[in-house]
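# Survey of secondary and tertiary structure
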Amino acid sequence: VSLGPPILLATETVDVTATVAWWVMPLALFLATMVLGVLAVIGGLGGGTIFVPLVSGFFPFHLDFVRAAGLLVALAGALAAGPELLRRNLADLRLVLPVALVASASSIAGAHLGLALPTSWLQLALGAVVVLITGVMILGRGLEFPEVAGPDALGRALGLGGAYYETSLGRTIAWRVHRTWTGLAAFVLIGLMAGVFGIGAGWANVPALNLLMGAPLKIAAGTSVVLLSITDTSAAWVYLHEGAVVPLIVVPSVAGMMIGSRIGVQILDRAHPRVIRIVVIAMLLFAGVRALLKGLGAWA
Amino acid sequence: VGVTEQRLFARVLRAGTAVSVAVLVLAFGAYVAGVAPARVPLDEMPRYWGLAVGEYLRQTGLPRGWGWLALLRHGETMTLAGVSLLTSVSIVAYLAILPGLLGRREAALALIVMAELGILMLAASGVLGARP
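Note that the coordinates shown come from a computational prediction; the quantities given were computed from them, not determined experimentally.

Rules used throughout
Residues numbered from 1 in each chain as written. Chains lettered and ligands numbered in written order. Predicted model: local features only at pLDDT ≥ 70, side-chain atom pairs only at ≥ 80, totals over all residues. Heavy atoms only, no water. Helix = DSSP H or I, 4+ residues; strand = E, 2+ residues; numbered from the N terminus. Buried < 20%, exposed > 50% of the residue type's maximum accessible area, 1.4 Å probe, protein only. Contact = heavy atoms within 4.5 Å. Areas by Shrake-Rupley, 256 points an atom, 1.4 Å probe, with all protein chains shown as cover. Rg over C-alpha atoms; globule rule 2.2 N^0.38 Å. Pairing = 2+ DSSP bridges. Salt bridge = Lys/Arg side-chain N within 4 Å of Asp/Glu carboxyl O. Buried area = accessible area lost by both parts, 1.4 Å probe. Polar contact = N/O pair within 3.5 Å; in protein donor to acceptor, adjacent residues only side chain to side chain. Axes fitted to C-alpha atoms, helices over the stretch in contact; angles between N-to-C directions. Left-handed = near helix turned anticlockwise from the far one by under 90°. Nonpolar A, V, L, I, M, F, W, Y, C, P; charged D, E, K, R; others polar. Patch = residues over 30% accessible without salt bridge, like charges linked within 9 Å, V, L, I, M, F, W, Y side chains within 5 Å. Core = buried A, V, L, I, M, F, W, Y, C linked by side-chain atoms within 4.5 Å.

### A word on the overall build of chain A
- From N to C terminus, chain A includes 11 helices and two strands.
- Each helix and strand of chain A, ordered N terminal to C terminal, gives the series α-α-α-α-α-α-β-β-α-α-α-α-α.
- Overall, chain A is about 85 × 45 × 30 Å in size when its C-alpha atoms are taken along their principal axes.
- Evaluated residue by residue, chain A yields a buried proportion of 55% over its 300 residues.
- Taking the intrachain contacts of chain A between residues at least 6 apart in sequence as the baseline, contacts between residues at least 24 apart amount to 81%.
- If you sum the accessible surface of chain A, you get close to 12500 Å²; carbon and sulfur atoms cover 68% of it.

Following this line, the structure appears as structure tokens:
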């Protein structure tokens, strides 16, 4: 004889998402990342950067799996865009090589650190980093052609510099870098953060290459993309070996972001980048504050 | 790094990405369509994806490291093969440009490329995080 629905004790909790059909969340993730891909392109933000804070904030997946998926989303995006940037000389492989060496080594350390830290600490640190990212996005303005009086000894020894055709000016721009050692030190930290949080590090790569090392803004942006394809590779292997790559989370994310990015490029001319950028930054800020509060135990 | 190496690096990235994404999509399609049987039943996955990775592996019995290679007939591990191809593309691109750098006696950059290959292969080997 049925006595009606079971009564839950006050101390029991039910994960509602665990009772829905298995395909609902991956499908929702695919649609959401497709929208994120569109917003990322129109708002001029890295898809990998916005993926982890937003997906970890609004989906039931553990942060370990979201960070692994975030790295693979950033990696797939970088691998898709990198070849064309290299072909058009908007990314410079000579500049990528030394920077990638330090960034990829530290991203491995970061990935191990991220998987060893308690989730609450990670939430707290992620929240702080995301708030920092929104600050960089709001305040950060790159220099199109930074003044570089002369290359430093290391930059000269490695021949870090080149030339590209600047269509807006209709002429070839020659460039070189300075403060190479300081730049490499910055990339140790950037690689570490990429590994810990699984976020694409474009938001930090571009200012480091442009404002610190003096690469022109277009070269910094293009080189940053190719750099991601190497930095994220090393960290992604760590997550793969640690069992944090869940196909039901990774593949919809990668596919959604790639399709969304293509749609974003198609509708770029008709969109309002400023409005979309503000919306995405507001969403990021909300996700960052939420992660901070979750880390502090103030948000259930 | 000359124009030749930069173009070669780009070509390898492009081709490698195309192959990896194709394998990834086909394997995932086989997994969710049930053509390749799932090691962990799909309808049980919502119970596990909210767990931390250590607990997830303990409860599902899925392996760490290269253990998934022994389970390649399963859909989720077949999909991991596509992921591992994607994470190998840069390694192949580095291998492709190394002979050119050595041939032109670009010693400093050749050393950097060899060091990077060492780091990437170390990460890919799984030695750093090896646990049972």
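Still to come is the rest of the account.
### Here we look at the overall build of chain B
- Within chain B, the regular secondary structure consists of six helices and zero strands.
- Each helix and strand of chain B, ordered N terminal to C terminal, gives the series α-α-α-α-α-α.
- For 132 residues, the compact-globule formula gives about 14 Å, and the C-alpha radius of gyration of chain B, at 19 Å, lies well above that figure.
- Expressed as lengths along the three principal axes of its C-alpha atoms, the size of chain B is roughly 55 × 30 × 25 Å.
- Buried residues in chain B amount to 48% of all 132 residues.

### Section: the pairing of strand β2 (residues 171-176) of chain A
Residue and element names in this part refer to chain A.
- Strand direction decides the pairing type here: strand β1 (residues 161-166) and β2, joined by six bridges, are antiparallel. Counterpart to Ala163 in the pairing with β2 is Ala174.
- Linking two consecutive strands that pair antiparallel, namely β1 and β2, is a turn of four residues; a positive phi of about 70° is found at Gly170 within it.

### Let's talk about the pattern of salt bridges
Residue and element names in this part refer to chain B.
- All told, the structure shown has nine salt bridges over all chains when counted by the stated rule.
- A salt bridge links Arg104 to Glu5; the nearest nitrogen and oxygen atoms lie 2.5 Å apart. Residue Arg104 is located in the loop between α5 (89-103) and α6 (107-125), and its partner Glu5 is located in helix α1 (residues 3-33); the two are separated by 99 residues in the primary sequence.
- By relative accessible area, which is 41% here, Arg104 ends up partly exposed.

### Here's the deal with the interface of chain B and chain A
- Residue-level contacts link 59 residues of chain B with 55 residues of chain A.
- For the pair chain B and chain A, the summed buried surface comes to about 5000 Å²; carbon and sulfur atoms form 73% of the total.
- The largest per-residue losses of area from chain B upon contact with chain A belong to B:Gln6, B:Trp49 and B:Thr87, which jointly make up 16% of the total buried on that side.
- A salt bridge links B:Arg14 to A:Glu84, with the nearest nitrogen and oxygen atoms 3.6 Å apart.
- At the surface where chain B touches chain A, the tally comes to 16 residue pairs in polar contact (both at pLDDT 80 or more).
- Where the side of chain B that touches chain A is concerned, the elements lending two or more residues are α1, α2 (45-48), α3 (53-60), α4 (75-86), α5 and α6 of chain B.

### Let's talk about the packing of helix α1 (residues 24-43) of chain A against helix α10 (residues 247-267) of chain A
Residue and element names in this part refer to chain A.
- Between α1 and α10, the shortest axis-to-axis distance is 6 Å and the interhelical angle comes to 35°. Our pair here, α1 against α10, has a crossing hand that is right-handed.
- Here the residues of the contact of α1 with α10 are counted per class, giving 17 nonpolar, seven polar and no charged.

### Digging into the side chain of A:Ser234
- Among the structural elements, A:Ser234 can be located in helix α9 (residues 217-241).
- Here A:Ser234 falls in the buried class, since its relative accessible area comes to 0%.
- Among the polar contacts made by the side chain of A:Ser234, one reaches the main-chain carbonyl oxygen of A:Thr231 at a distance of 2.9 Å.
- Dropping the residues within four chain positions of it, A:Ser234 is found in contact with A:Ser104, A:Ser107, A:Ile108, B:Leu120 and B:Ala123.

### Observations regarding a nonpolar patch on the surface
All names here are of chain A.
- There is a patch of nonpolar side chains on the surface, built from Leu124, Leu285, Val289, Leu293 and Leu296 and spanning about 380 Å² of accessible area.
- Broken down by element, the nonpolar patch gets its largest block of residues, three residues, from helix α11 (residues 273-295).
- Looking at the element boundaries, Leu293 is found in helix α11.

### Some details on the nonpolar core
- A:Phe61, A:Phe187, A:Leu248, B:Phe9, B:Met45 and B:Tyr94 are the most contacted members of the largest nonpolar core, which has 134 residues in total.
- A per-element tally of this core places helix α3 (residues 63-87) of chain A first, with 14 residues.
- Those residues in contact with A:Phe61 that lie beyond four places of it in its chain are A:Met25, A:Leu29, A:Val55, A:Val66, A:Ile249 and B:Trp49.

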